[in-house]
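Read off the chains here:
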Amino acid sequence: MISLAPQPLLHYTRTAAASAAALRVLSSAVSGSRFEVPLSFFHYSLRKPFFAMPPNPSKVPNFVNSNGVSDDSQALKCCCPTSKCIPNGADDGVGEGCECPLVVVSFYKFADFPDCADMRKPLKELCERMLVSGGIILAPEGINGSICGTRDSVESVLAFIQSDERLKGLRLIESPVSPEEEAIHHGHMSASPLAGGEDAPFRWDHVRVKLKKEIVTLGMPSVSPIERVGTYVSPKEWNELLNHPETVVIDVRNDYETRIGKFRRAIDPCTTAFRYFPSWVDEHFKLDEAENHIKSTSPASSTEGKNSEMETKMPRVAMYCTGGIRCEKASSFLLSKGFKEVYHLQGGILKYLEEVPKNESLWEGECFVFDKRVSVDHGLEQGTYKLCYGCKKPVSDADMETPEWEYGVSCPHCYNSKSVEEKERARARQRQFERWGIIGGPDKGRKPVKVE
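Residues numbered from 1 in each chain as written. Predicted model: local features only at pLDDT ≥ 70, side-chain atom pairs only at ≥ 80, totals over all residues. Heavy atoms only, no water.

> Before we go on, may I ask you to explain the nonpolar core in this structure?
Soluble globular proteins: nonpolar side chains tend toward being buried together. Within the largest apolar cluster, 28 residues are counted, with the highest numbers of intra-cluster contacts made by Phe 277, Met 319 and Leu 334. Taken together, the elements giving at least two residues each to this core come down to strand 3 (102–110), strand 4 (133–139), strand 9 (247–251), helix 7 (277–284), strand 11 (316–320) and helix 10 (325–336). The biggest single contributor to this core is helix 10, with 6 residues. When neighbours within four sequence positions are excluded, Leu 334 is seen to be in contact with Phe 277, Val 281, Val 317, Met 319, Phe 339 and Val 342. Judged by nonpolar contacts, the second largest core, of 24 residues, contains Ala 111, Val 157, Leu 158 and Ile 161. (Core = buried A, V, L, I, M, F, W, Y, C linked by side-chain atoms within 4.5 Å. Buried < 20%, exposed > 50% of the residue type's maximum accessible area, 1.4 Å probe, protein only. Helix = DSSP H or I, 4+ residues; strand = E, 2+ residues; numbered from the N terminus. Contact = heavy atoms within 4.5 Å.)

What follows is the structure in structure tokens.
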């Protein structure tokens, strides 16, 4: 093994991001060294056994042998970007892995954030430097995201976000990551050579930081959770509210989410997208009809009488969603429509499953999550559902036994809605993934790096 520093070096797997991380660790370990090699130095395709050399190759760690073939004995196996990684295994410090447990953290906050675009570049660069993966949305109304990485790395990203006074006090939900998922995330498995494995919580070499008009799309700019929201109910108090006979329980999520689990007694709006929730409310509670009736039967001058009659028709509403963010907007919308008693589950279903014991729970089924875990159960343990990559919706084992199921192409829930052309394109994408480990091939649509 090459010795570039007095301390032993960890072994890393041969992945693009891991190699980049390895270079950072190695270069920082060389006493007095000031050289820097751009990350583009490493070729995207790990199927290539060599890479282009920079102008001064003598200062670059040698990951290939004299024949230009990758030397697996020098493959590095820990992708932790910090120096806190604890090697395990051999006494000489050269371990087979590292004790860097991962966490998945979902977060959001509504805030007056008109200059959100200024945060995009530094936030994305920090995530890439810390090997934090996932997706983050920035909008003039705040921030919403879900990320995965080592605890130190994730905390660094969250600290950077909250360094902006407007984003302090993020609403956080942390989920554990299984040892199997950690192995995939760290690149210790060879099932997917260019990504962290399709079963990882997120593709671990990639983070998306997007700019949007809303952090959760309702399509009604006048509805602002910054101004007013419903009453928060803790997971421990939620059961009492649900069991009250006068409470109307509403699931604010979409139909593909409610299909695999929901709270007892909950009404399912059967919406395909959150932006359809307002029209469902108007139709379900007959708000337009009620308002027109009051206008036709009440004197024009009796405004107080109209408001009083509307209030008596409005039920007590308790709503919930995955992590709480959609309920912030939904409760604000209901308040704007005249509802007076609007409650929502603080921290969403995820917080409830984390805190409420299964034997006391009113939750039935599993909870869909927007990452590669697909679903979680009580205690936030990994669920049983898989994802149809044709429609990005959850499928059960029974679904995968049907004739409509074709891996990466279709499932019983999307088969009839897809054209022949759409299915052929999906098959082409699947072939790319099976060959290269990532859709789009080794260069992912970018100009290939020249290999000399």
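There is more to say, and it comes next.
> Help me understand the sheet that holds strand 7 (residues 207–211) in this model?
The strands that make up a sheet are held in pairs by hydrogen bonds between backbone atoms, and each pair lies either parallel or antiparallel. Pairing in this open sheet of 5 strands is mixed, and the strands run 6-3-5-4-7 from one edge to the other. Each edge of the sheet is formed by a strand with only one pairing partner; in this case those strands are strand 6 (171–176) and strand 7. Strand-to-strand twist of the sheet, defined as the mean angle between neighbouring strand axes without regard to direction, takes the value 15 degrees. Note that strand 4 and strand 5 (residues 142–150) share 7 bridges and pair antiparallel. Looking across to strand 5, one finds that Gly 134 is bridged to Ile 147. Packing against the sheet, helix 10 makes contact with strand 3, strand 5 and strand 6, and its axis sits at approximately 20 degrees to strand 3. (Pairing = 2+ DSSP bridges. Axes fitted to C-alpha atoms, helices over the stretch in contact; angles between N-to-C directions.)

> Would you mind showing me how to read helix 7 here?
Because an α-helix completes one turn every 3.6 residues, residues spaced three or four positions apart along the sequence face the same direction. What helix 7 keeps buried is the set Phe 277, Pro 278, Trp 280, Val 281 and Asp 282. Note on helix 7: the residue one or two positions beyond its end, Lys 286, has a positive phi of about 50 degrees.

Note that all results are geometric; they support no functional claim without further evidence.
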